[in-house]
Amino acid sequence: MPTVNAYAATAATQPLGPTKIQRRDLGPRDVLIEIKFCGICHSDIHHCRGDWGSQTYPVVPGHEIAGIVAQVGSKVTRHAAGDRVGVGCMVGSCGECTNCRKGEEQHCLKGMTPTYGGIGEDGQLTQGGYSTHIVVTEDFVLKIPEGIGLDAAAPLLCAGITTYAPLRHWGAGPGKKVAIVGLGGLGHMAVKLAHAMGADVTVLSQSLSKKEDGLRLGADHYYATKDPETFKKLAGTFDLIVNTVSAKIDLNAYLSLLALDGALVNVGAPSEPLSLNVFSLIMPRRSFAGSLIGGIRQTQEMLNFCARHHLGADIEVIPASKINDAWERVLASDVRYRFVIDAATLK
């Protein structure tokens, strides 16, 4: 059982620190990955600080993992040593239920195994990508195509698929008007993807401070939501709104921006409940929905799509020693647009 270097949270109120963790021995269908880069997701902070409920510590977060295959088990057929690969938000599922058979492992009826904070095949707590190596069953290892740097690819394993999935499911494309709420780690990828799909893209952000960035990333329009005139001007406009923010918003106000049969889809995960007036839904036959990453098949589709369109995340690469500072900057919205840990600094 290999021992590897990592950064871990030991309590909800304590900063992360260096540690060593045990990875399981390589099984016949396992892949040992040398992690090169790992993105920092807002979910890492929510989880480790107990925003979504009590957690078991210590926990090594990180589910935006990009690296190189170091070794494979005797029965592995999909990957070989030297391959460029990624691991996202899950490392296992039952593989047998209706949803798994449909390729929707993230909705496994028995519960998918998260990359960190779950119970792995060895019965131990899964530990994530703020580490130098990880062992993952081959079915949950993605191929990262040439043409995307591993550093810029890492955030695609969460931020990319989290936004790609609802855009695909609700039909973003030519002739569709799509709004993206928030221009952060998720939002900036949603803008890039929706633009590449051919949709007319609008960013709805609190202020105009990132307008230049939004237009550069592919937005056709940019509005400040703190201006009440925005909601009057854009009433009944959009076919799809993807809400990427992890904070409480006025759902009724945003629902008013939807056209007939439009959908507001939440991918951000605020720690407090949201409420709405049902009349915001029933009058123009609007929908309010949620979306959780994507299955392995769709995640690979997203990576291939990004490679074809030369898309990657806008990143700031940091050493492991800056992780705690980066977390505080994420909370302050002081990153454009995704922190990525250089795993070589963990050694």
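Everything below is about the structure shown above.
Bear in mind that the values here come from a model prediction, so they are computed numbers and not experimental data.

The rules behind the values
- Residues numbered from 1 in each chain as written.
- Predicted model: local features only at pLDDT ≥ 70, side-chain atom pairs only at ≥ 80, totals over all residues.
- Heavy atoms only, no water.
- Axes fitted to C-alpha atoms, helices over the stretch in contact; angles between N-to-C directions.
- Helix = DSSP H or I, 4+ residues; strand = E, 2+ residues; numbered from the N terminus.
- Parallel < 35°, antiparallel > 145°, perpendicular 65-115°, else oblique.
- Left-handed = near helix turned anticlockwise from the far one by under 90°.
- Contact = heavy atoms within 4.5 Å.
- Nonpolar A, V, L, I, M, F, W, Y, C, P; charged D, E, K, R; others polar.
- Pairing = 2+ DSSP bridges.
- 1 Å grid on protein atoms, 1.4 Å probe; cavity = no way out; pocket = protein on both sides within 12 Å on 5 of 7 lines; lining within 4 Å.
- Points joined across faces, edges and corners; volume = space filled by probe spheres on them.
- Salt bridge = Lys/Arg side-chain N within 4 Å of Asp/Glu carboxyl O.
- Buried < 20%, exposed > 50% of the residue type's maximum accessible area, 1.4 Å probe, protein only.

*Asks:* It is not clear to me how the packing of helix α4 (residues 159-169) against helix α5 (residues 185-197) should be interpreted in this structure. Could you clarify?
*Replies:* Working note: a packed helix pair is described by the angle between its axes plus the distance between those axes. Interhelical geometry of α4 versus α5 gives an angle of 45° and a closest axis separation of 8 Å. If you check the angle between α4 and α5, you find them oblique. In this structure, the crossing between α4 and α5 has a hand that is right-handed. Where α4 approaches α5, its residues A159, G160, T162, T163, Y164, L167 and R168 are matched on the opposing element by G185, L186, M189, A190, L193, A194 and M197. When grouped by side-chain class, the residues that make up the contact of α4 with α5 number 9 nonpolar, 4 polar and 1 charged.

*Asks:* Help me understand the sheet that holds strand β13 (residues 238-243), please; the structure alone is not making it clear to me.
*Replies:* Backbone hydrogen bonds hold the strands of a sheet together, and the pairing may be parallel or antiparallel. On the basis of which strands lie adjacent, the open sheet formed by 6 strands has the order β12-β11-β10-β13-β14-β15 and parallel pairing. Each end of this open sheet is capped by a strand with a single partner; those strands are β12 (221-224) and β15 (287-290). Going across the sheet, the axis of each strand differs from the next one's by a mean of 20°, ignoring polarity.

*Asks:* Could you clarify how one ought to interpret the layout of surface pockets in this entry?
*Replies:* Unfilled space is identified by rolling a water-sized probe across the atoms. Looking at the largest pocket, its volume works out to about 1400 Å³. Around the largest pocket, the lining is made up of 46 residues, and of these H42, L186, T244, V245 and S246 lie nearest the centre. Of all the elements in the fold, those that place two or more residues in the lining of the largest pocket are α1 (42-48), α5, β11 (200-205), α11 (323-331) and β17 (338-342). Residue contributions to the lining of the largest pocket peak at 3 residues, all from α1. Size it by volume and the second largest pocket reaches roughly 490 Å³. Around the second largest pocket sit 26 residues that line it, and R24, G120, E121, D122 and T126 are the ones nearest its centre. If you list the elements that add at least two residues to the lining of the second largest pocket, you get β2 (17-22), β6 (90-92) and β8 (133-137). Element by element, the count of residues in the lining of the second largest pocket is highest for β8, at 4 residues.

*Asks:* Looking at this structure, how should I read the pattern of salt bridges?
*Replies:* Where charged atoms from two side chains of opposite charge come close, those side chains can pair. Applying the stated rule across the entire model yields 20 salt bridges. R216 serves as the salt-bridge partner of D314, at 3.2 Å between the closest nitrogen and oxygen. Of the two residues, D314 sits in the loop between α10 (296-308) and β16 (315-318) while R216 sits in helix α6 (residues 211-217), which places them 98 residues apart along the sequence. With relative accessibility at 16%, the residue D314 sits in the buried group. Residue R285 pairs with D261 through a salt bridge whose shortest N-O separation is 2.5 Å. In this pair, R285 sits in the loop between α9 (279-282) and β15 while D261 sits in strand β14 (residues 258-266), placing the two residues 24 residues apart along the sequence. For D261, a relative accessible area of 43% gives the class partly exposed. Within the structure, one salt-bridge network assembled from shared partners comprises K192, D213, R216, D314 and R336.

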